Amino acid sequence: MKQRIVTGLIAGLLFGALCIIGGLPYELLLLALAFVGYYEFARMHHVSPFDLASLIGYATMSLIVIPWTSLSIGWNLSLEAIVWISLLLMLGVTVLSKNKVSIEAVSQLWLGAFYIGIGFKYMMLTRTSMGDDGLFWTLMLFAAIWSSDIGAYFIGRAIGKHKLWPSISPNKTIEGAIGGVLTSIIVALLFAVGRPDIVSLPLAFGIGVSAAVVGQFGDLIQSAYKRVRGVKDSGTLLPGHGGVLDRCDSWLVVFPFVHLIGLLTL
């Protein structure tokens, strides 16, 4: 626990500082996290993170995440074009390797590029493409996600008796999950009370519920494929916390979700 706290504080302070600064420094941080996350994803699925299929995956993810506007690069591909080109190249690897690289392997790598890329893309857009309120919305979402994690952990430990999904994550409880939802809602509502000119109470409530429910589902997604692959953590970058994907599993699904269902509008 001591190692988790120390690592969490250091990483949190660094992440928070760059988030407040915003702009290119924050975008480059998210891009670096995306690359590390994809490296972890490939290794978890027992695929070399530096073979041809993986390199195509890195390139695909980069096309999604790279902040072309901030870098003053006008060239950009549509998501549809990225989907088709990357799919064609990935399938081509199975042909060129004479099936030594299996269709299952390239399918996993292709899936990971979009799972990780779109998640980090929306984190980036929330901070950089929502005008002067970008920092507020970013902090609100992170606060709701983190408070859900903290509430679920401590309430689950205190009163948790009924398992939430034992075949996927045996330590999570229904009581903890409910506690996470409640703490997330409370934190989101506090943001609305503090800045009613930016966010209304009903919208804050919806964001709090989404951050908790979808965030916990994102955590279960990560737990599910780690269990299938027989690994405890996605990586070792953060001592006591695991890898990037272990810490970002909720972020990757919450940020796109709140935008795509219209709770936030870019």
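Residues numbered from 1 in each chain as written. Predicted model: local features only at pLDDT ≥ 70, side-chain atom pairs only at ≥ 80, totals over all residues. Heavy atoms only, no water.

**Student:** Hey, could you go over the overall build of the protein chain for me, with residue numbers and the actual values?
**Tutor:** From N to C terminus, the protein chain includes nine helices and two strands. Listing the helices and strands of the protein chain from first to last along the sequence gives α-α-α-α-α-α-β-β-α-α-α. Expected size for 266 residues packed as a compact globule is a radius of gyration near 18 Å; at 19 Å, the protein chain falls within 12% of this value. Considering only C-alpha atoms, the protein chain reaches an extent of 60 × 45 × 35 Å along its principal axes. For the protein chain, with 266 residues in total, the buried portion stands at 46%. The contacts in the protein chain between residues at least 6 apart in sequence include a share of 68% that link residues at least 24 apart. As presented, the protein chain carries roughly 13400 Å² of accessible surface, and 70% of it is formed by carbon and sulfur atoms. Distance between charge centroids for the protein chain: 10 Å, based on 17 positive and 14 negative side chains. (Helix = DSSP H or I, 4+ residues; strand = E, 2+ residues; numbered from the N terminus. Rg over C-alpha atoms; globule rule 2.2 N^0.38 Å. Buried < 20%, exposed > 50% of the residue type's maximum accessible area, 1.4 Å probe, protein only. Contact = heavy atoms within 4.5 Å. Areas by Shrake-Rupley, 256 points an atom, 1.4 Å probe, with all protein chains shown as cover. Lys, Arg positive; Asp, Glu negative; His and termini not counted. Charge placed at Lys NZ, Arg CZ, Asp CG, Glu CD.)

**Student:** Quick one: what's the story with unusual backbone geometry, residue by residue and with numbers?
**Tutor:** Although it is not a glycine, His-46 adopts a positive phi angle of roughly 60 degrees. Secondary-structure assignment places His-46 in the loop between helix H2 (23-44) and helix H3 (52-65). Its identity as a non-glycine residue notwithstanding, Asn-99 has a phi of 70 degrees, on the positive side. Residue Asn-99 is classed as exposed on the basis of its relative accessible area of 60%.

**Student:** I'd like to hear about the environment of Ser-62, residue by residue, with values.
**Tutor:** Within the fold, Ser-62 resides in helix H3. For the pair formed by Ser-62 and Lys-121, sequence separation is 59 residues and the distance between their alpha carbons is 9.7 Å. Engagement of the side chain of Ser-62 in a polar contact is seen with the backbone oxygen of Tyr-58, the distance being 2.7 Å. (Polar contact = N/O pair within 3.5 Å; in protein donor to acceptor, adjacent residues only side chain to side chain.)

**Student:** Kindly report on the side chain of Ser-234, identifying the contributing residues and their values.
**Tutor:** Considering the arrangement of structural elements, one finds Ser-234 in the loop between helix H8 (201-229) and helix H9 (244-260). Under the relative-accessibility criterion, Ser-234 is labelled buried at 7%. Among residues more than four places away in sequence, those in contact with Ser-234 are Glu-40, Met-44, Gln-222, Lys-226, Gly-243, Val-244, Leu-245 and Asp-246.

**Student:** Give me the pattern of salt bridges: which residues, what numbers.
**Tutor:** Applying the stated rule across the entire model yields four salt bridges. A salt bridge links Lys-172 to Asp-219, with the shortest nitrogen-to-oxygen separation between them at 2.6 Å. Of this pair, Lys-172 sits in strand E2 (residues 169-173) while Asp-219 sits in helix H8, and the two are 47 residues apart along the sequence. Here Lys-172 falls in the partly exposed class, since its relative accessible area comes to 28%. Since its relative accessible area comes to 18%, Asp-219 is described here as buried. (Salt bridge = Lys/Arg side-chain N within 4 Å of Asp/Glu carboxyl O.)

**Student:** Could you give an account of a nonpolar patch on the surface, naming the residues involved and the relevant values?
**Tutor:** A cluster of nonpolar side chains, namely Trp-84, Ile-85, Leu-88 and Leu-89, defines an oily patch on the protein surface of about 410 Å² accessible area. As for its position among the elements, Leu-89 is in helix H4 (residues 79-96). (Patch = residues over 30% accessible without salt bridge, like charges linked within 9 Å, V, L, I, M, F, W, Y side chains within 5 Å.)

**Student:** Describe the environment of Leu-87, listing the residues and the values that go with them.
**Tutor:** Structurally, Leu-87 can be placed in helix H4. Spatially, the C-alpha atoms of Leu-87 and Gly-37 are 20 Å apart, while their sequence positions differ by 50 residues.

**Student:** Tell me about the packing of aromatic side chains, residues and numbers included.
**Tutor:** Counting across every chain of the model gives 18 aromatic pairs. Through a chain of ring-to-ring contacts, the aromatic side chains of Phe-15, Tyr-26, Phe-142, Trp-146, Trp-251 and Phe-255 assemble into a single cluster. (Phe/Tyr/Trp six-rings, centres within 6.5 Å; stacked < 30°, edge-to-face > 60°.)

**Student:** So what about the confidence of the model for the protein chain? Which residues, and what values?
**Tutor:** Residue-level pLDDT values for the protein chain average 91, and 93% of them are 70 or greater. Summarising per-element confidence for the protein chain, the mean pLDDT is lowest in helix H1 (residues 2-21) (81) and highest in helix H7 (residues 174-194) (97). (pLDDT = per-residue confidence, 0-100.)

**Student:** A description of the nonpolar core should follow, citing residues and the corresponding values.
**Tutor:** Grouped together as the largest cluster of nonpolar side chains are 62 residues, with contacts concentrated most on Ile-116, Phe-120 and Trp-137. With 11 residues, the single largest contributor to this core is helix H5 (residues 103-128). Ignoring sequence-local partners within four residues, the contact set of Phe-120 consists of Leu-30, Leu-33, Ala-34, Val-65, Val-244, Cys-248 and Leu-252. (Core = buried A, V, L, I, M, F, W, Y, C linked by side-chain atoms within 4.5 Å.)

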